[in-house]
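Structural characterization, general
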Amino acid sequence: MTHAVRQATVDDIWAVHATARQSWHAAYDDLLGADRVDDIVDEWYAIGDLESSISDTSGRADAAFLVAEGSDAATGDGFASDCRGFAHVVPWPEDATVGYLTRLYVRPDMWGEGVGTTLLEALETALGDTFDRLRLAVLADNERGISFSEAAGFKHVATRETDLPNGLEESVYEKSV
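Throughout what follows, the structure given in this document is the object of discussion. In every chain, residue numbers begin from 1 and rise along the written sequence. Where local features are concerned, this predicted model is filtered to residues with pLDDT of at least 70; where side-chain atom pairs are given and counted, the filter is 80 or more; whole-chain, interface and lining totals use all residues. By convention in this description, side-chain values take in all heavy atoms of the structure and omit both hydrogens and water.

This part is about the overall build of the protein. In terms of regular secondary structure, the protein is built from 5 helices and 7 strands. Listed by position from the N terminus, the elements making up the protein come as β-α-α-α-β-β-β-α-β-α-β-β. The globule rule is 2.2 Å times the number of residues to the power 0.38, and the radius of gyration it is compared with is taken over C-alpha atoms. For the protein, whose C-alpha radius of gyration is 15 Å, the value lies close to the compact-globule estimate of 16 Å for 177 residues. For the protein, the C-alpha atoms occupy an extent of roughly 40 × 40 × 30 Å along the three principal directions. Only protein chains enter the accessibility calculation, which uses a 1.4 Å probe; a residue is then buried when its area is under 20% of its type maximum, exposed when over 50%, and partly exposed in between. Put simply, the protein has 177 residues, and 43% of those count as buried. In the protein, 64% of the contacts between residues at least 6 apart in sequence involve partners at least 24 apart. Carbon and sulfur atoms make up 45% of the accessible area of the protein, which totals about 8,600 Å². In the protein, which carries 13 positive and 33 negative side-chain charges, the distance between the mean positions of the two groups comes to 4 Å. Numbering of helices and strands starts at the N terminus; helices are DSSP runs of H or I of at least 4 residues and strands are runs of E of at least 2. Note on contacts: a residue pair qualifies if any of its non-hydrogen atoms lie within 4.5 Å across the two residues. Under the convention used here, a 1.4 Å probe and the Shrake-Rupley method define accessible areas, while residue burial counts only the protein chains that appear. Within this scheme the basic residues Lys and Arg register as positive and the acidic residues Asp and Glu register as negative, but His and the chain ends are omitted. Throughout, a charge is located at the NZ atom of Lys, the CZ atom of Arg, the CG atom of Asp or the CD atom of Glu.

Let us look at the packing of helix H1 (residues 13–32) against helix H2 (residues 34–44). Under this scheme, a helix contributes an axis fitted over its contacting stretch, all axes are lines through C-alpha atoms, and angles between N-to-C directions fall in the 0 to 180 degree range. The contact between H1 and H2 brings their axes to 8 Å, and the two run at 145°. Crossing geometry of H1 relative to H2 is assigned as right-handed. Seen from H1, the contacting residues are His17, Ala20, Arg21, Trp24, His25, Tyr28, Asp29 and Leu32; seen from H2, they are Ala34, Arg36, Val37, Asp38, Ile40, Val41, Asp42 and Trp44. Split into classes, the residues belonging to the contact of H1 with H2 amount to 9 nonpolar, 2 polar and 5 charged. Definitions for this section: a left-handed crossing has its near helix turned counterclockwise from the far helix by less than a right angle. A right-handed crossing has that turn clockwise. Under the scheme applied, nonpolar residues are Ala, Val, Leu, Ile, Met, Phe, Trp, Tyr, Cys and Pro; charged residues are Asp, Glu, Lys and Arg; polar residues are all the others, including Gly.

Right, let's talk about the pattern of salt bridges for a bit. By definition, a salt bridge exists where a carboxyl oxygen of Asp or Glu is found within 4 Å of a side-chain nitrogen of Lys or Arg. Scanning all chains against the criterion turns up 13 salt bridges. Of the charged contacts in the structure, one is a salt bridge between aspartate 38 and arginine 21, with a shortest N-O distance of 2.7 Å. On the criterion of sequence distance, the pair formed by aspartate 38 in helix H2 and arginine 21 in helix H1 is long-range, its members being 17 residues apart. Salt bridges sharing common partners tie together Asp82, Arg84, Arg107 and Asp109.

Looking at where threonine 162 falls in the secondary structure, it is placed in the loop between strand E6 (155–161) and strand E7 (169–176). Among the polar contacts made by the side chain of threonine 162, one reaches the main-chain carbonyl oxygen of leucine 168 at a distance of 2.9 Å. If near-sequence neighbours (up to four positions away) are discounted, threonine 162 is found in contact with Leu139, Leu168, Glu169 and Glu170. N or O atoms within 3.5 Å of each other form a polar contact, as long as, within protein, one can give a hydrogen and the other can take it, and as long as residues adjacent in sequence are counted only when both atoms are side-chain atoms.

All right, on to the environment of threonine 117 then. By secondary structure assignment, the location of threonine 117 is in helix H4 (residues 115–127). Residue classification places threonine 117 among the partly exposed residues on the basis of a relative accessible area of 37%.

Bringing the environment of alanine 137 into the picture now. Of note, alanine 137 is situated in strand E5 (residues 133–139). Considered as a pair, alanine 137 and methionine 110 are 27 residues apart in the sequence and their alpha carbons are 21 Å apart. For alanine 137, the residues in contact, after removing those within four places along its chain, are Tyr100, Arg160, Glu170, Ser171 and Val172.

With respect to the helices and strands, histidine 3 occurs in strand E1 (residues 3–7). The buried category is assigned to histidine 3, whose relative accessible area is 11%. Polar side-chain contacts of histidine 3 include one of 3.4 Å to the side chain of arginine 84.

When we look at burial in helix H5 (residues 143–151), the residues that qualify are Gly145, Ile146 and Ser149. Projected down its long axis, H5 shows its buried positions confined to an angular sector of 95°, all on one face. In this structure, H5 carries Glu143 and Ala151 as exposed residues pointing more than 90 degrees from its buried face. Residues of H5 that are buried make contact with E5 and E7. Sitting at the head of H5, asparagine 142 places a side-chain oxygen 3.3 Å from the backbone nitrogen of arginine 144. One or two positions beyond H5, positive phi appears at glycine 153, with a value near 95°. Picture the helix axis, draw a direction to every C-beta atom, and the arc is the one those directions span.

As structure tokens, this is what we get:
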């Protein structure tokens, strides 16, 4: 299966939002509940915020917002792209040599098909000269996210509290690029 990766455009906003919602429900409904997941996606993936995130990364050497598509872009779902997954990297606020992988999500029906790996490899290629390391945070109870991160070469470097309910923690991972 082929996955084409490109810089996201504002035409991808609704497809990215839908991908986030599907992925979050599949990963976190059992942990957070479906209603809370909807609230988080609506807040963290608000259309205006996605537009800003995509626009802010366009043309920058130190940031990227990428989407992965299939070899054919015909989806039939009304979206501008066949968004199988997306990834968003910005500089870590306290250290510009570290890229912060703020988002890397793949549609659940594409889990295990190499979409996340393809996105991560594209980021490393595009930003390897800008950053020494990539950093990400994943909820400590997200076994799929932790497994993917570790398989991709990320090492656990810290655990921190979140502002999510139930006293949830997130694990922070890093890898050299």
